[in-house]
Amino acid sequence: ANAFVATFSVNLPEAGKFYRVKNNGGTGYLNGNGTSGRAKFDGGENDANSVFYYVGGKLLSYKTGTYLAAKIPSGKNANFLCYTEELNVGTDITFKESPALGKLLIVFDNKSRSFYSANTGESDAAPAGNNGENYRFTVEEVSDLPVTISAASVNFNGAKKYVSTLFAPVALVVPAGITAY
């Protein structure tokens, strides 16, 4: 008798899409708050801070426009991930399947370092090849962006008018039925 053997694989993140990265320890989502310290997993499920745009192999924070980047002490391997505002300086990120179904590993620094979430909720890194619980992440595609539109008044030809602004570090598609100028 022939046995049916099914092989499952995880859909890896695609360039040009928005994602949230949740740690396996349950402390939260990767927070793109743009601070110079270690990247942390304290973002909320609906926070703009937890949304990243995956482009050119890099993760760009939707909220702050900063790239996730390796912090490399002089003469050493990258020891953790932080944020940088320098254009195209973000670290190349590769997503790989982990041994746990539905979870991904995140590697960087020429695939020599593995990203992990420490028990404190901070990020850290270790030599690639580690795949324990703290190295496994759930990567969720984001279909609806949390958009903040600010209002301001301006004087236009002697009359008070109101305008709104929106900041996004990447081009956005305006949905049908919405008009933007």
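None of these values were measured; they are calculated from a predicted model.

Asks: Teacher, can you tell me more about the overall build of the chain here?
Replies: Assigned secondary structure in the chain consists of zero helices and 14 strands. Seen in sequence order, the chain has helices and strands lined up from the N terminus as β-β-β-β-β-β-β-β-β-β-β-β-β-β. Burial statistics for the chain: of 181 residues in total, 37% are counted as buried. Looking at the chain alone, contacts between residues at least 24 apart form 50% of all its contacts between residues at least 6 apart.

Asks: Help me understand a nonpolar patch on the surface, please; the structure alone is not making it clear to me.
Replies: Taken together, V147, I149, L166 and L172 make up a surface patch of nonpolar side chains, about 340 Å² in accessible area. Within the secondary structure, I149 is located in the loop between β12 (137-141) and β13 (150-156).

Asks: Quick question: what am I supposed to make of the nonpolar core here?
Replies: Generally speaking, soluble globular proteins have nonpolar side chains that are buried together. By size, the foremost hydrophobic cluster in this structure holds 20 residues, and its most contacted members are V21, L30, L59, I93, F95, I106 and F115. Those elements giving two or more residues to this core turn out to be β1 (17-23), β4 (52-55), β6 (67-71), β9 (104-108) and β12. It is β9 that provides the largest number of residues to this core, a total of three residues. Beyond its immediate sequence surroundings of up to four residues, V21 is in contact with G28, Y29, L30, F41, I106, F137, T138 and V139. Within the second largest apolar cluster, nine residues are counted, among which are Y53, L60, Y62 and V142.

Asks: Which parts of the structure should I look at to understand the pattern of salt bridges?
Replies: Pairing is possible between side chains of opposite charge, provided their charged atoms come close. Per the counting criterion, the structure on display carries four salt bridges. Residue E14 pairs with K17 through a salt bridge whose shortest N-O separation is 3.4 Å. Residue class for K17 comes out partly exposed when judged on its relative accessible area of 26%. In this structure, K17 engages E141 in a salt bridge whose closest nitrogen and oxygen atoms are separated by 3.8 Å. Of this pair, K17 sits in strand β1 while E141 sits in strand β12; the two residues are 124 residues apart in sequence, bridging distant segments of the chain. One network of salt bridges, in which partners are shared, links E14, K17 and E141.

Conventions we followed
Here the residue index of a chain counts from 1 through its sequence in written order. Per-residue local features are limited, in this predicted model, to residues with pLDDT of at least 70; the limit for side-chain atom pairs, both in listing and counting, is 80 or more; totals at the level of whole chains, interfaces and linings are taken over all residues. Excluding hydrogens and water, the side-chain figures rest on all heavy atoms present in the structure. Only DSSP runs of H or I covering at least 4 residues are called helices, and only runs of E covering at least 2 are called strands; the numbering of each starts at the N terminus. Under the scheme applied here, a residue whose accessible area is under 20% of the maximum for its type counts as buried, over 50% as exposed, and between as partly exposed, the area being computed with a 1.4 Å probe on protein chains only. Whether two residues touch is decided by their heavy atoms; if any such pair falls within 4.5 Å, the residues are in contact. Patch membership requires over 30% relative accessible area and the absence of a salt bridge. Like charges are linked within 9 Å, and nonpolar side chains (Val, Leu, Ile, Met, Phe, Trp, Tyr) within 5 Å. Per-residue and other accessible areas were derived by the Shrake-Rupley procedure at a 1.4 Å probe size, with only the shown protein chains allowed to occlude residues. Salt bridge, as used here: a side-chain nitrogen of Lys or Arg that lies within 4 Å of a carboxyl oxygen of Asp or Glu. To qualify as a nonpolar core, a set must consist of buried Ala, Val, Leu, Ile, Met, Phe, Trp, Tyr and Cys residues joined through side-chain atoms within 4.5 Å.

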